[in-house]
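Structural description and commentary
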Amino acid sequence: MAVITKDNRGDMARFAKQIGIVSPKASLISRLAKIRLIASDIDGVLTDGRITLDDDGREIRNFNAQDGMGLRLAKDFGVDLVFISGRPSGAAIKRLKDLGIIQVFQKIDDKGPVLEKILARQGLKREEVCAVGDDLADLPMFARSGISVAVGNAVADVKAEAQWTTQRSGGEGALREVVEEILKAKGLWPRVLQRFSN
């Protein structure tokens, strides 16, 4: 039986990742408690990545209600949100506006500099940011974040760079999973449950 010590913790975390243990609890919980901002992609994270076109060429996107609840909880309990996407989407803007999220950047080729400007404007440190992505265009956000998270159906190269991979896929509750883990790490989850127990 392997024993995790201070000296072999990194090796054990890499081994756990290789065999598919994806929970953030082992090595990231104290770092999750520091998160003040979630920076996320839209297509493939907030949505399932599918883009459906109707006969008139209008795009149709699907959003997950559990993700929506998670984003509301994040805002209510002091975790800010920003969405940075390479593609424009009126449906995404409407959904995020309905959730009270105003920091949305679209048609962004290089997401890294945009995130850097947000951190500077809000006076945030890298370790206070959690980036969530599914594809290669999200890696510049990972490089500027304290915690990088790949959604369950992310491409292999993104999973390899991520410090944690969610069990749920993009558009199927992955963002809710991230928010829950952050609020639990901050010790806020009992307050969340209390809100809905009355």
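Placed above this text is the structure.
The rules behind the values
- Residues numbered from 1 in each chain as written.
- Predicted model: local features only at pLDDT ≥ 70, side-chain atom pairs only at ≥ 80, totals over all residues.
- Heavy atoms only, no water.
- Helix = DSSP H or I, 4+ residues; strand = E, 2+ residues; numbered from the N terminus.
- Contact = heavy atoms within 4.5 Å.
- Areas by Shrake-Rupley, 256 points an atom, 1.4 Å probe, with all protein chains shown as cover.
- Core = buried A, V, L, I, M, F, W, Y, C linked by side-chain atoms within 4.5 Å.
- Buried < 20%, exposed > 50% of the residue type's maximum accessible area, 1.4 Å probe, protein only.
- Pairing = 2+ DSSP bridges.
- Salt bridge = Lys/Arg side-chain N within 4 Å of Asp/Glu carboxyl O.
- Axes fitted to C-alpha atoms, helices over the stretch in contact; angles between N-to-C directions.
- Parallel < 35°, antiparallel > 145°, perpendicular 65-115°, else oblique.
- Left-handed = near helix turned anticlockwise from the far one by under 90°.
- Nonpolar A, V, L, I, M, F, W, Y, C, P; charged D, E, K, R; others polar.
- Expected span 1.5 Å × (residues − 1).
- Polar contact = N/O pair within 3.5 Å; in protein donor to acceptor, adjacent residues only side chain to side chain.

So, on to the overall build of the protein. The helix and strand inventory of the protein stands at 9 helices and 8 strands. The long-range fraction of contacts in the protein, counting pairs at least 24 apart against all pairs at least 6 apart in sequence, stands at 58%. Counting every atom, the protein has about 10500 Å² of accessible surface; 50% of that belongs to carbon and sulfur.

Turning our attention to the nonpolar core. If you look at the biggest cluster of nonpolar residues, it comprises 53 residues, and the most contacted ones within it are L71, F83, V132 and L183. It is helix α8 (residues 174–185) that contributes the most residues to this core, 7 residues altogether. Not counting the four nearest positions on each side in its chain, F83 is found in contact with S40, D41, I42, L46, L71, L96, I101, Q103, V104, F105 and L175.

Strand order in the open sheet made by the 6 strands is β5-β4-β1-β6-β7-β8, with parallel pairing throughout. The two strands at the open ends of the sheet, each matched to only one other strand, are β5 (104–105) and β8 (164–165). Pairing analysis gives 2 bridges linking strand β7 (residues 147–150) to β8, with the strands arranged parallel. In the strand pairing of β8, A150 is matched with T165.

Moving on to the pattern of salt bridges. Within the structure shown, the criterion is met by 15 salt bridges. D41 serves as the salt-bridge partner of K111, at 3.0 Å between the closest nitrogen and oxygen. On the criterion of sequence distance, the pair formed by K111 in helix α5 (residues 111–122) and D41 in the loop between β1 (37–40) and β2 (52–53) is long-range, its members being 70 residues apart. Here K111 and D41 have matching classes, each one buried. Residue E116 is joined to R144 by a salt bridge in which the shortest nitrogen-to-oxygen separation is 2.6 Å. Linking E116 in helix α5 with R144 in the loop between α6 (139–142) and β7, this pair joins segments that are 28 residues apart in sequence. Via salt bridges that share partners, D43, E59, R61 and R87 belong to a single interconnected network.

With that settled, the discussion passes to the packing of helix α3 (residues 65–76) against α8. Two elements in contact, α3 and α8, have axes separated by 7 Å at closest approach and are oriented at 30 degrees. With respect to each other, α3 and α8 are oriented roughly parallel. Like other packed secondary-structure pairs, α3 and α8 cross with a definite hand, here left-handed. Taken together, the residues of α8 that come into contact with α3 (itself represented by Q66, D67, M69, G70, L71, L73 and A74) are A174, L175, R176, V179 and L183. Residues of the contact of α3 with α8, tallied by class, amount to 8 nonpolar, 2 polar and 2 charged.

On to the environment of V178, then. Of note, V178 is situated in helix α8. Apart from the residues lying within four places of it in its own chain, the contact partners of V178 are I38, C130, V132, V149, W164 and T166.

Turning to α3, a few remarks are in order. The end-to-end C-alpha distance of α3, which contains 12 residues, comes to 16 Å, matching closely the 16 Å that a straight helix rising 1.5 Å per residue would cover. Those residues of α3 that sit buried are D67, G68, G70, L71, L73 and A74. Contacts from the buried residues of α3 go to β4 (80–84), α4 (90–98), α8 and α9 (189–195). Of the residues that open α3, the one with a side-chain oxygen 2.7 Å from the backbone nitrogen of Q66 is N64.

Of all residues except glycine, most have a negative phi; of all peptide bonds, most are trans. Even without being glycine, K107 reaches a positive phi, approximately 60 degrees. Note on placement: K107 falls in the loop between β5 and α5.

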